[in-house]
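# Reading the structure
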Amino acid sequence: MKATSLVQRLLPRLRDSISVYVHWPYCAKLCGYCDFNKYVVSDIPHARLKEAYLTELTTVLGWAAKSNLLSIYFGGGTPSLAQPALIESIVSAVFSQTNVGEPVEVTIEVNPGSATREKLEALKAAGVTRVSIGVQSFDDSFLTLLGREHRAAEAHHTINDALQVFGSAVSLDLMYALPGQTLEQCARDLAAAAACGVSHVSAYELMYKRGTPFYEALSKGTVKRHTNDESAEFFQLAHAQLARAGLEPYETSSFARPGCEALHNIAYWLAADWVAVGPGAHGSFATKSRPRVRTRNIPSPERWLAAVSQHKH
């Protein structure tokens, strides 16, 4: 479905709906390109996190003017490291405090390796309806360069498991314009993504974010960045090749088969309302007294836990 008709179909629902973003701040390993709010710890405080998430959800959903639920998105970090019981508690809490009419999209980001078949089945039982898999590349040499823990074979295994558990409601992430990557290598990644049976692909250019090891390597000249013209060629290749495979672009970096567009993505792009909970999470929504507020949480998990304990948000 083309972007215009998609917006026309969803706009009436978006006007009256709210989405929920839940930030999980922990990873098993820090990747050198990533500047998201994430931490590696030896002991994840699951019980304290559960209490804080549920407390903050009650607060922010109480502030929100809208209550018809559109979507829930668990991002990170690596939220597939969370216990399924925690995910279920959050989903149940959101459902109990909102109006659930039309089907609600509940997405969680997972990494190959941390998302076993057993974990995927438990996540589905917890209320998750859709998974987004952080593949990034199907080329082992680039996975090593990016600092990813998995290899291509593991990615394929996780994708196959996810398709069996969630049907077509599976998305994967790809990165392009990687250091030293050719258009031919990128085309092979795109072909692998299109051929594996998923209904949605997010494909985006590697960015060199200040404060990351990749940015430092770029500054020192040990990594070479593609020129703007070369990056444009990668962008055009991704759009053309995925569209030929039936994955139509509906925004800059998102591609989907008809009817499989991500509702949560669209809510962001059309500036709909979403509340956000968790360390470093950002929200934007109408309250009962103001047409629009923007919220930004404390990034540090420990400081966020303390703040929620004291102030309820």
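Quick note: structure is the one above.
Residues numbered from 1 in each chain as written. Predicted model: local features only at pLDDT ≥ 70, side-chain atom pairs only at ≥ 80, totals over all residues. Heavy atoms only, no water.

### Let's talk about the environment of alanine 306
Along the chain, alanine 306 falls in helix 11 (residues 301–311). In this structure, the C-alpha to C-alpha distance between alanine 306 and arginine 48, residues 258 residues apart in sequence, is 9.9 Å. (Helix = DSSP H or I, 4+ residues; strand = E, 2+ residues; numbered from the N terminus.)

### Structural notes on unusual backbone geometry
A cis amide bond links glycine 76 with the next residue in sequence, glycine 77, at an omega value of 20°. Here glycine 77 shows up in the loop between strand 2 (68–76) and helix 3 (84–96). Positive phi, normally seen in glycine, also occurs at glutamine 136, with a value near 75°. With relative accessibility at 5%, the residue glutamine 136 sits in the buried group. (Buried < 20%, exposed > 50% of the residue type's maximum accessible area, 1.4 Å probe, protein only.)

### Observations concerning the nonpolar core
Of all hydrophobic cores here, the largest spans 68 residues; its most connected members are Val131 and Leu172. Beyond its immediate stretch of four places on either side in the chain, valine 131 contacts Ile108, Val110, Leu120, Ala162, Phe166, Ala169, Val170 and Ser171. (Core = buried A, V, L, I, M, F, W, Y, C linked by side-chain atoms within 4.5 Å. Contact = heavy atoms within 4.5 Å.)

### A short note on the pairing of strand 2
Here strand 2 lies mainly inside the structure; eight of its nine residues are buried. Strand direction decides the pairing type here: strand 1 (residues 17–24) and strand 2, joined by eight bridges, are parallel. Its bridge partner being in strand 2, histidine 23 is matched across the sheet by glycine 75. Sheet topology places strand 2 next to strand 3 (residues 105–110); four bridges connect them, and they run parallel. Its bridge partner being in strand 3, serine 71 is matched across the sheet by glutamate 105. Taking the sense of rotation as the criterion, the β-α-β connection linking strand 2, helix 3 and strand 3 turns out right-handed. (Pairing = 2+ DSSP bridges. Right-handed = clockwise from strand over helix to strand, strands pointing away.)

### Structural notes on the environment of serine 114
In this structure, serine 114 sits in the loop between strand 3 and helix 4 (117–125). Spatially, the C-alpha atoms of serine 114 and serine 96 are 29 Å apart, while their sequence positions differ by 18 residues. Those residues in contact with serine 114 that lie beyond four places of it in its chain are Thr78, Ser80, Leu81 and Lys119.

### Some thoughts on the environment of alanine 203
Looking at the secondary structure, you find alanine 203 in strand 6 (residues 200–205). Taking the C-alpha atoms as reference points, alanine 203 and isoleucine 18, 185 residues apart in sequence, are found 26 Å from one another. Alanine 203 has contacts with Leu174, Tyr176, Leu242, Ser253 and Phe255, leaving out every residue within four places of it along the chain.

### What about the pairing of strand 3?
Most of strand 3 sits out of view: five of its six residues are buried. Note that strand 3 and strand 4 (residues 130–136) share four bridges and pair parallel. Bridge pairing in strand 4 places isoleucine 108 opposite valine 131.

### A closer look at the pattern of salt bridges
For the structure on display, the rule yields seven salt bridges. For aspartate 161, the salt bridge is made with arginine 117, and the minimal N-O distance between the two is 4.0 Å. Remark: arginine 117 occurs in helix 4 and aspartate 161 occurs in helix 6 (residues 152–166); sequence separation between them is 44 residues. If you follow the salt bridges from partner to partner, you end up with Lys66, Asp273 and Arg292 in one network. (Salt bridge = Lys/Arg side-chain N within 4 Å of Asp/Glu carboxyl O.)

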